[in-house]
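As a plain string of letters, each chain reads:
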Amino acid sequence: MSSVLDLRQFLNSSPTPFHAVQSIKRQLIDKDFKELRESQLWETMRGGKYYVTRGETSIVAWVQGESFPDHGAHIIGAHTDSPCLRIKPSPDVRRSGMHQLGAEVYGGMLLAPWFDRDLSIAGRVTCTDVESRRLSLLIDFERPIVTVPSLAIHLNRDIHKNRTINPQKEVVPILCDLAHQSGSGFHGMLLDQVHHQHPGSNVQAVTDYELSCYDTQGAQQVGINGDYLASARLDNLLSCYAGLHSLLNAETEQSVLLVCNDHEEVGSASAAGAQGPFLRTVLERLCGDAETLARVLERSLLVSVDNAHALHPNYENKHDPEHQPRLNGGPVIKFNANQRYATNSATAATFRQLCTQAGVPVQSIAMRSDMACGSTIGPITSTVLGVDTVDVGAPQLGMHSIRETTGWKDPVLLYRVLRQLFESDKL
């Protein structure tokens, strides 16, 4: 990873998991990775570089080491999805002279920061062309086309007293004046956008879609001394990017693998999620039989990478006094006695050793004993595969907000230790 500027470009070009996987694929292809398809017979070789996708939102990429499958694999896991507003299937809402779009909350998002933002819409549309063939195409309006205005304080004097937000009633983006809407509604607007972005596709109708709202404000370096990086979707595209560039740049003869799953923010229970069979199926096909797979997994390590809660200076009491990760302080090892994270003493010690070898500072976090803990793909993947796992991540503030903040140094520090993982002969 040459600089955090490259990460900023990746964040800006990846408003949805579909676009994130597309961006990852482009970079893999540039480095001569070969695409495999789940529907085809695989013929892989030692030293080969490959990738496979599922649902256009999850991807597994790997370099098949010279010693595979006699030795295990070094695995990095992350996720491509982030909390957001998803456009409903029949979204058109017409009232008070305005055309609005019904939106559904995806994941455990902070609702308040979505008000008064310049929002665009992106994702995948499923279409039919003039010969009645079905196509799936990615679109991105790129410019601000919807907004969710706040109610003026003069009309709600109690706004600062235990505010609650009803997403059905209050988080309904405004698209345009009714006088300017097309007769075919939002589907007609989508069709126009498809024709604009894919002029040679001969699409005649949009049948369905998976579309999300996103903030058009791009990733920025902030702070008087440029100490921080602020962006949408740092959780968890930062980890995807650091893992990807560790894979692309590692100089190793080991078997190294990156998996970026979708649907972590809603529990991972899907064909493309970590609770599904995607990664296990890939490994089974590479190993050839159950006994070989079991031997490989026993010798492997999964580093589950998902951002961690940094200490917030305005809410210091929300952290355990002895576990207060700081921005620009290096990657954070996550611990939880109730297996919300998959870290154990052996895997934590391995990661600490990797940090020492990479010259990277390392931090730890455990939640206050009187507060609940989030989770990651770590425990889920560990359960599905039976592989030793450590949960880590870059520290950040504002997790699950429309705009999040991490340290400017933290992405590179994370990348350095993940590359060390891939370049280590033994763990």
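Above this note sits the structure.
As the structure is a prediction and not an experimental result, all values here were calculated from the model.

Student: Mind showing me how you'd approach empty space enclosed by the protein here?
Tutor: Using a probe with the size of a water molecule, rolled over the atoms, empty space left in the structure can be pinpointed. According to the stated counting rule, one finds three cavities of 30 Å³ or more in the structure shown. Reported here for the largest cavity is a volume of approximately 190 Å³. Around the largest cavity, the lining comprises 20 residues; the ones closest to its centre are Pro15, Ser82, Pro83, Cys84 and Arg233. At the level of elements, β5 (84-95) and β10 (203-215) are the ones that each hand at least two residues to the lining of the largest cavity. Looking at the lining of the largest cavity element by element, the count peaks at four residues for β10.

Student: What is the right way to read the sheet that holds strand β16 (residues 332-334) from this model?
Tutor: Hydrogen bonding along the main chain pairs the strands of a sheet, whether they run parallel or antiparallel. What the nine strands build is an open sheet, ordered β1-β2-β3-β13-β4-β14-β18-β16-β17; its pairing is mixed. Lying at the two open borders of the sheet, with one neighbouring strand each, are β1 (34-35) and β17 (363-365). In terms of strand pairing, β1 meets strand β2 (residues 49-54) through two bridges, oriented parallel. Across the sheet, residue Glu35 finds its bridge partner in β2, namely Tyr51. Of the strands in this sheet, β3 (58-63), β4 (73-79), β13 (255-261) and β14 (301-305) are in contact with helix α5 (residues 234-249), which crosses β4 at around 155°. This element, helix α10 (residues 410-423), spans β4, β13 and β14 of the sheet and lies at about 145° to β4.

Student: Honestly, the layout of surface pockets in this entry has me stumped. Any pointers?
Tutor: In this structure, the largest pocket spans a volume of roughly 880 Å³. Looking at the largest pocket, it is lined by 38 residues, and the ones nearest its centre are His309, Met367, Gly374, Met399 and His400. Going through the elements one at a time, α9 (377-385) and β19 (395-397) are the ones with two or more residues in the lining of the largest pocket. In the lining of the largest pocket, the residues fall into 15 nonpolar, 14 polar and nine charged.

Student: Whenever I open this one, the pattern of salt bridges confuses me. Can you help?
Tutor: Pairing of side chains with opposite charge becomes possible as their charged atoms draw close. Overall, the coordinates contain twelve salt bridges when judged by the stated rule. Measuring nitrogen to oxygen at the nearest pair gives 3.7 Å for the salt bridge that ties Asp70 to Arg46. Pair noted here: Asp70 is in the loop between β3 and β4 and Arg46 is in the loop between β1 and β2, with a separation of 24 residues, a long-range link. Of the charged contacts, one joins Arg133 and Asp129 as a salt bridge, the two residues approaching to 2.8 Å between their closest N and O atoms. The partly exposed category is assigned to Arg133, whose relative accessible area is 49%.

Student: For this particular structure, what's the right way to read the nonpolar core?
Tutor: Note that soluble globular proteins tend to have their nonpolar side chains buried in a common cluster. Counting 51 residues, the largest nonpolar core has Leu28, Leu247, Val303 and Phe351 as its most contacted members. For this core, the element with the highest residue contribution is α5, accounting for nine residues. The residues contacting Leu247, other than those within four sequence positions of it, are Leu28, Phe33, Ala61, Trp62, Val63, Val256, Leu258 and Phe422.

Student: I'm lost on the side chain of His19 in this one. Help?
Tutor: You can see His19 is positioned in helix α2 (residues 17-30). Ignoring any residue separated from it by four or fewer positions in sequence, one finds His19 in contact with Ser13, Ser14, Ala122, Gly123, Leu138, Ile139 and Asp140.

Student: Any chance you could explain the sheet that holds strand β20 (residues 404-407) here in plain terms?
Tutor: Pairing is mixed across the open sheet formed by five strands, whose spatial order is β11-β12-β20-β19-β15. A single partner strand is all that each edge strand has here, and the edge strands are β11 (220-222) and β15 (308-309). When strand β12 (residues 228-231) meets β20, the two strands line up antiparallel, connected through four bridges. Following the sheet pairing, Leu229 is matched in β20 by Thr406.

Student: Help me out: how do you make sense of the pairing of β20 in this one?
Tutor: Two faces, one strand: in a regular strand the side chains alternate between the faces of the sheet. Inspection of the sheet shows β19 paired to β20 by two bridges, in the antiparallel sense. Counted as the bridge partner of Leu397 is Thr405 from β20. Linking two consecutive strands that pair antiparallel, namely β19 and β20, is a turn of six residues; a positive phi of about 70° is found at Gly398 within it.

The rules we used
- Residues numbered from 1 in each chain as written.
- Predicted model: local features only at pLDDT ≥ 70, side-chain atom pairs only at ≥ 80, totals over all residues.
- Heavy atoms only, no water.
- 1 Å grid on protein atoms, 1.4 Å probe; cavity = no way out; pocket = protein on both sides within 12 Å on 5 of 7 lines; lining within 4 Å.
- Points joined across faces, edges and corners; volume = space filled by probe spheres on them.
- Helix = DSSP H or I, 4+ residues; strand = E, 2+ residues; numbered from the N terminus.
- Pairing = 2+ DSSP bridges.
- Contact = heavy atoms within 4.5 Å.
- Axes fitted to C-alpha atoms, helices over the stretch in contact; angles between N-to-C directions.
- Nonpolar A, V, L, I, M, F, W, Y, C, P; charged D, E, K, R; others polar.
- Salt bridge = Lys/Arg side-chain N within 4 Å of Asp/Glu carboxyl O.
- Buried < 20%, exposed > 50% of the residue type's maximum accessible area, 1.4 Å probe, protein only.
- Core = buried A, V, L, I, M, F, W, Y, C linked by side-chain atoms within 4.5 Å.

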